[in-house]
Amino acid sequence: MKDISYKPLWKLLIDKDLSKKELASVAGVSQSSVAKMSRGETISMDVILRICTALDCDIGDICEAIPAKQTEPSI
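Residues numbered from 1 in each chain as written. Predicted model: local features only at pLDDT ≥ 70, side-chain atom pairs only at ≥ 80, totals over all residues. Heavy atoms only, no water.

(A) Region of interest: helix 1 (residues 7–15). For helix 1, the complete set of buried residues consists of Pro8, Leu9, Trp10, Leu12 and Leu13. If you follow the buried residues of helix 1, they end up packed against strand 1 (2–5), helix 2 (20–27), helix 3 (31–38), helix 4 (45–55) and strand 2 (64–67). Backbone geometry just after helix 1 places aspartate 17 at a positive phi near 55 degrees. (Buried < 20%, exposed > 50% of the residue type's maximum accessible area, 1.4 Å probe, protein only. Helix = DSSP H or I, 4+ residues; strand = E, 2+ residues; numbered from the N terminus. Contact = heavy atoms within 4.5 Å.)

(B) Here's a closer look at the environment of isoleucine 48. Structurally, the position occupied by isoleucine 48 is in helix 4. Between the alpha carbons of isoleucine 48 and cysteine 63 there is a distance of 8.8 Å; along the sequence they are 15 residues apart. Ignoring any residue separated from it by four or fewer positions in sequence, one finds isoleucine 48 in contact with Ile43, Ile59 and Ile62.

(C) Quick look at the packing of aromatic side chains. If you walk through the whole model with that rule in mind, you get zero aromatic pairs. The ring of tryptophan 10 carries lysine 20 above its face, with NZ or CZ at 4.4 Å from the centroid. (Phe/Tyr/Trp six-rings, centres within 6.5 Å; stacked < 30°, edge-to-face > 60°. Lys NZ or Arg CZ within 6 Å of the ring centre and 35° of its normal.)

(D) Looking closely at the nonpolar core. Core analysis: the biggest nonpolar cluster contains 20 residues, and Leu9, Leu23, Ile51, Leu55 and Ile62 have the highest contact counts within it. Taken together, the elements giving at least two residues each to this core come down to helix 1, helix 2, helix 3 and helix 4. For this core, the element with the highest residue contribution is helix 4, accounting for five residues. The contact partners of leucine 55, leaving out residues within four places of it in the chain, are Leu9, Leu12, Leu13, Lys16, Leu18 and Leu23. (Core = buried A, V, L, I, M, F, W, Y, C linked by side-chain atoms within 4.5 Å.)

(E) Just the packing of helix 2 against helix 3, in detail. Running from N to C, helix 2 and helix 3 cross one another at 130 degrees; their axes reach a closest spacing of 9 Å. Of the possible angle classes, the one that applies to helix 2 and helix 3 is oblique. The way helix 2 lies across helix 3 gives a crossing that is right-handed. Listed contacts from helix 3 to Lys20, Lys21, Leu23 and Ala24 of helix 2 are Gln31, Val34 and Ser38. Here the residues of the contact of helix 2 with helix 3 are counted per class, giving three nonpolar, two polar and two charged. (Axes fitted to C-alpha atoms, helices over the stretch in contact; angles between N-to-C directions. Parallel < 35°, antiparallel > 145°, perpendicular 65-115°, else oblique. Left-handed = near helix turned anticlockwise from the far one by under 90°. Nonpolar A, V, L, I, M, F, W, Y, C, P; charged D, E, K, R; others polar.)

Below, the structure is given as structure tokens:
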């Protein structure tokens, strides 16, 4: 299984000089969705697409799939 990382989004916000609060406002998404992203939690595809539309970018520009942290088996 893979986890999701929103590091590309945070870098994009820095490049565009936008705060997370401003992102929520311009994209028309809730602050709780942005907070979930800050914690690396999954959000709906609708929210991702709204962000892409607001920032004029593609999905790959705001998130990436990364390998899930593997836990060592118990002995």
